[in-house]
Amino acid sequence: MALARKAPSLLALNPDIAVVQECSNKSVDVLCNQGFSGLWFGGNPNKGVGVFCNKKLTLRVEHALFGKWVIPLRVHGRVDFDLLAIWACPVGTKRADNYIGEVHRCIMEHGHWFGGSPAVVAGDFNSNSIWDQSRPGKNHTEVVRLFASYGLISAYHTHCGEKQGAETRPTYYFYRHPDKPFHIDHVFVPKAWRLRSVEVGSFQKWGHLSDHVPLVVDVVINGTR
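Now for a look at the structure at hand. (Residues numbered from 1 in each chain as written. Predicted model: local features only at pLDDT ≥ 70, side-chain atom pairs only at ≥ 80, totals over all residues. Heavy atoms only, no water.)

Turning our eyes to something else, we now look at unusual backbone geometry. Cis geometry marks the peptide bond from Lys 68 to Trp 69, where omega comes out at -25°. We note that Tyr 175 has phi near 50°; this positive angle belongs to a residue other than glycine. Following the sequence through the fold, Tyr 175 ends up in the loop between β9 (172–173) and β10 (181–182). Using a relative accessible area of 63% as the deciding quantity, one classes Tyr 175 as exposed. (Helix = DSSP H or I, 4+ residues; strand = E, 2+ residues; numbered from the N terminus. Buried < 20%, exposed > 50% of the residue type's maximum accessible area, 1.4 Å probe, protein only.)

See below:
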């Protein structure tokens, strides 16, 4: 939230694409004034998902939303690809259906979406394999397995050589407590793309702005960054 106050820090990362959760629908105007274009999705005008891109790229909506909030988009640029923006949220009364359960449902029901162009999946999954046991069958590990079946890898885990559930760099600090860290934000990219770098922001730098820190992925696609 309050993206206007946080925009300078976001823009300092020089992103081509940014997937931002819990921002207001006015955030599009904020970043458009900085040379970005964007799309916003949500049921509450003060708290939704914004997807932004710089002038080199164009975002288009070509499908209805898969779920809350699982958002399929098309990215046009020097290399065209599909983007699935994620903000995993509660959707009902059953624990298994919420958060990663909703992401799992969407992937199972829309698997054909992954069969065409290269795809990227990015966002706040509110999930980690450490909680698998409480969500049998619709858990984080199963979602990672489904992505792998479509040729997608976790950028962080591949680049850093770490296993799911054994991350050393948190992306989230519960209630901004530095002693309550979790890794719940993820980016999945095609295995054929070359990972140039993967960086996770520090609590010291970002903790005053958000309970999440940025996960920044830089890739090379057919020789193009």
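If you add up the space inside the largest pocket, you get close to 1,600 Å³. As for the largest pocket, its lining consists of 50 residues, of which Pro 15, Ile 17, Ala 18, Val 19 and Leu 215 are closest to the centre. Elements with a contribution of two residues or more to the lining of the largest pocket: α1 (3–11), β1 (17–23), β6 (81–87), β7 (119–124), β11 (185–190), β12 (194–200) and β13 (215–220). Tallying contributions element by element places β1 first for the lining of the largest pocket, with seven residues. Of the residues that constitute the lining of the largest pocket, the class distribution is 28 nonpolar, 10 polar and 12 charged. When its volume is computed, the second largest pocket comes out at roughly 250 Å³. The wall of the second largest pocket is formed by 16 residues, among which Tyr 99, Asn 126, Ser 127, Trp 131 and Ile 184 lie closest to the centre. In the lining of the second largest pocket, the residues fall into seven nonpolar, six polar and three charged. (1 Å grid on protein atoms, 1.4 Å probe; cavity = no way out; pocket = protein on both sides within 12 Å on 5 of 7 lines; lining within 4 Å. Points joined across faces, edges and corners; volume = space filled by probe spheres on them. Nonpolar A, V, L, I, M, F, W, Y, C, P; charged D, E, K, R; others polar.)

Nothing here speaks to function; it is geometry throughout.
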